[in-house]
Amino acid sequence: MSRKKSFSPKKKIALLVGAAALVGGTAVAMTGTSQASVECDGLNTALGNNQRFIDGQRAAPDALSEARIANRQDVIEEIKRKQAASGCEVGASDTGAAPPAEAAPPAGDEGAGAGEDAGAGAGEDAGAGADQGGQVGEVVCAGSTVTLSGEAGAPAASSNEFPVGTTLKVTNLDNNKSTTVQVTAPSGSCALLNDAAFEQVREAGKFLIRNARIERVG
């Protein structure tokens, strides 16, 4: 007659502790991977947006294309540094379809140089911070995600839909934070926030706002 194998109380406790540690470690690893993926997704989107903008400028150049391209190449290098610091694949970008090439810069961009394209030149109210007075405007670009352009400077936005000087309110519906900024340059997306503006509305560790509302105000 076979005897059923039994464990002493100490061995049972040791086995339970080991199993719990294994499950906990797996959960931590999965959580860390998920968080890193969200962070990398936003950086990949930002890099892809800038690269598509460069492609559009090369396909239909104008007098300012060379300066814009040089600026965006600097921005791409900054995004790559962020990718490296975040443990993402350096140089990875999204594979979204490229927007139509711009035959001419948006209205109001004729006097813009590389400095304005980098986020300078916004009005004093462009980066006053989160949710300026609860302004309500026309919802535009429904369903668009929002990420950062990688540009420095005072809070501002760039856009392929609206001319320089347009005021946009961007709300992160996941944390209800908003910022109202002016468009200071063209880009490859409906609304790209520069680093300062994106910091005002993003969730910690995330470089992509999947649930956003973009409004044209003023």
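Bear in mind the structure is a predicted one, so any value in this text is a computation, not a measurement.

Asks: Tell me about the overall build of the chain, and name the residues and values.
Replies: In terms of regular secondary structure, the chain is built from four helices and eight strands. Ordering the α and β elements of the chain from the N terminus gives α-α-α-β-β-β-β-β-β-α-β-β. Looking at the chain as a whole, 40% of its 218 residues qualify as buried. Looking at the chain alone, contacts between residues at least 24 apart form 80% of all its contacts between residues at least 6 apart. Here the chain displays about 11,200 Å² of accessible surface, and carbon together with sulfur accounts for 56% of that area.

Asks: Explain the packing of aromatic side chains residue by residue, including any values.
Replies: Evaluation of the coordinates by the stated rule reveals zero aromatic pairs. Just above the ring of F53 sits the side chain of R72; from NZ or CZ to the centre is 4.9 Å.

Asks: Give me the nonpolar core: which residues, what numbers.
Replies: Core analysis: the biggest nonpolar cluster contains 29 residues, and V146 and L193 have the highest contact counts within it. Contributions of two or more residues to this core are made by α1 (9-59), α2 (65-85), β2 (146-148), β4 (167-172), β5 (177-186), α4 (195-201) and β8 (212-217). The element contributing the most residues to this core is α1, with five residues. Those residues in contact with V146 that sit more than four places away from it in its chain are V170, A191, L193, F198, L208, I209, A212 and I214.

Asks: Mind laying out the pattern of salt bridges, listing which residues take part and the relevant values?
Replies: Counting across every chain of the model gives 11 salt bridges. Here D41 and R210 are joined by a salt bridge, their closest N and O atoms 2.8 Å apart. One end of the pair, D41, is in helix α1; the other, R210, is in the loop between β7 (208-209) and β8, and 169 residues separate them in sequence. With a relative accessible area of 27%, D41 lands in the partly exposed category. Measuring nitrogen to oxygen at the nearest pair gives 2.9 Å for the salt bridge that ties E199 to R202. Classification of R202 as buried rests on a relative accessible area of 18%. Beyond isolated ion pairs, a larger network of salt bridges with shared partners links E78, R81, K82 and D195.

Asks: Quick rundown of the pairing of β5? Include the residues and the values.
Replies: Along any regular strand the residues' side chains alternate between the sheet's two faces. Here β5 lies mainly inside the structure; eight of its 10 residues are buried. Two strands pair when backbone bridges link them, and strand β3 (residues 157-159) and β5 are joined in this way by three bridges, in the parallel orientation. Opposite S158, over in β5, you have A185 as the bridge partner.

Asks: Tell me about the pairing of β4, residues and numbers included.
Replies: For β4, a buried count of five out of six residues is recorded, marking the element as mostly surrounded by other parts of the structure. The pairing of β4 with β5 spans six bridges and is antiparallel. If you follow T171 over to β5, its bridge partner there is S178. If you look at the hairpin formed by β4 and β5, you'll find four residues sitting between the two strands, and N176 has a positive phi there, around 60°.

Asks: Before we move on, can you summarise unusual backbone geometry with the specific residues and values?
Replies: Even without being glycine, C141 reaches a positive phi, approximately 50°. On the secondary structure map, C141 appears in the loop between β1 (138-140) and β2. A positive phi angle, near 60°, is found at N176, a position not held by glycine. Along the chain, the position of N176 falls in the loop between β4 and β5.

Cut-off values and rules
- Residues numbered from 1 in each chain as written.
- Predicted model: local features only at pLDDT ≥ 70, side-chain atom pairs only at ≥ 80, totals over all residues.
- Heavy atoms only, no water.
- Helix = DSSP H or I, 4+ residues; strand = E, 2+ residues; numbered from the N terminus.
- Buried < 20%, exposed > 50% of the residue type's maximum accessible area, 1.4 Å probe, protein only.
- Contact = heavy atoms within 4.5 Å.
- Areas by Shrake-Rupley, 256 points an atom, 1.4 Å probe, with all protein chains shown as cover.
- Phe/Tyr/Trp six-rings, centres within 6.5 Å; stacked < 30°, edge-to-face > 60°.
- Lys NZ or Arg CZ within 6 Å of the ring centre and 35° of its normal.
- Core = buried A, V, L, I, M, F, W, Y, C linked by side-chain atoms within 4.5 Å.
- Salt bridge = Lys/Arg side-chain N within 4 Å of Asp/Glu carboxyl O.
- Pairing = 2+ DSSP bridges.

By themselves, these observations are geometric and do not establish any function.
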